[in-house]
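Descriptive structure summary
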Amino acid sequence: MIAMESANCRNYRGHIVIARKITFGRYRFDVWRQGEHFGRFRDDIAAELHVDKLLRGD
């Protein structure tokens, strides 16, 4: 369970990208859509590219 008060959320092409701060000031980016988790990434660009790949059907 992600504590939403400690996470930053934003919408990207119908998906939610959640940025969570982890140790040493680093972030993890989770991609969600309609309650389904699609992946966890080290940077926001990788998360957005994954969403683009999902939408293309690759």
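To be clear, the structure that these remarks concern was listed above.
One structure accompanies this document, and this report is about it. (Residues numbered from 1 in each chain as written. Predicted model: local features only at pLDDT ≥ 70, side-chain atom pairs only at ≥ 80, totals over all residues. Heavy atoms only, no water.)

Now for the sheet that holds strand E3 (residues 27-33). In space, the 4 strands of this open sheet follow the order E1-E2-E3-E4, with antiparallel pairing throughout. Looking at strand neighbours, the two that pair on one side only are strand E1 (7-12) and strand E4 (36-41), the edges of this open sheet. Ignoring strand direction, the axes of neighbouring strands in this sheet form an average angle of 25°. In this sheet, E3 lies alongside strand E2 (residues 15-21) in antiparallel orientation, the contact comprising 6 bridges. (Pairing = 2+ DSSP bridges. Helix = DSSP H or I, 4+ residues; strand = E, 2+ residues; numbered from the N terminus. Axes fitted to C-alpha atoms, helices over the stretch in contact; angles between N-to-C directions.)

Here E1 pairs with E2 via 6 bridges, running antiparallel. Bridge pairing in E2 links cysteine 9 to isoleucine 18. Following E1, the chain reverses through 2 residues before pairing antiparallel with E2; arginine 13 in that reversal takes a positive phi of roughly 50°.

Next up on the list: unusual backbone geometry. Notably, arginine 13 is not glycine yet its phi reads approximately 50°, a positive angle. Position of arginine 13 among the secondary structure elements: in the loop between E1 and E2. Although it is not a glycine, phenylalanine 24 adopts a positive phi angle of roughly 55°. Tracing the backbone shows phenylalanine 24 in the loop between E2 and E3.

Here we come to the pairing of E3. Count of turn residues in the E2/E3 antiparallel hairpin: 5 residues, of which phenylalanine 24 carries a positive phi of about 55°. When E3 meets E4, the two strands line up antiparallel, connected through 5 bridges. Each bridged residue has a counterpart across the sheet, and for tryptophan 32 the counterpart in E4 is histidine 37. Counting the residues in the hairpin turn of E3 and E4 gives 2 residues, including glutamine 34, whose phi is positive at 50°.

This brings us to the environment of alanine 47. Examined against the element boundaries, alanine 47 turns out to sit in helix H1 (residues 44-56). Other than its neighbours up to four places away in sequence, alanine 47 contacts Val17, Phe29, Val31 and Phe41. (Contact = heavy atoms within 4.5 Å.)

Our focus in this paragraph is the pattern of salt bridges. Oppositely charged side chains can pair when the atoms bearing their charge come close. Applying the stated criterion across every chain yields a total of 4 salt bridges. Ionic contacts of the salt-bridge type, sharing partners, join the residues Arg20, Asp30 and Arg40 into one network. (Salt bridge = Lys/Arg side-chain N within 4 Å of Asp/Glu carboxyl O.)

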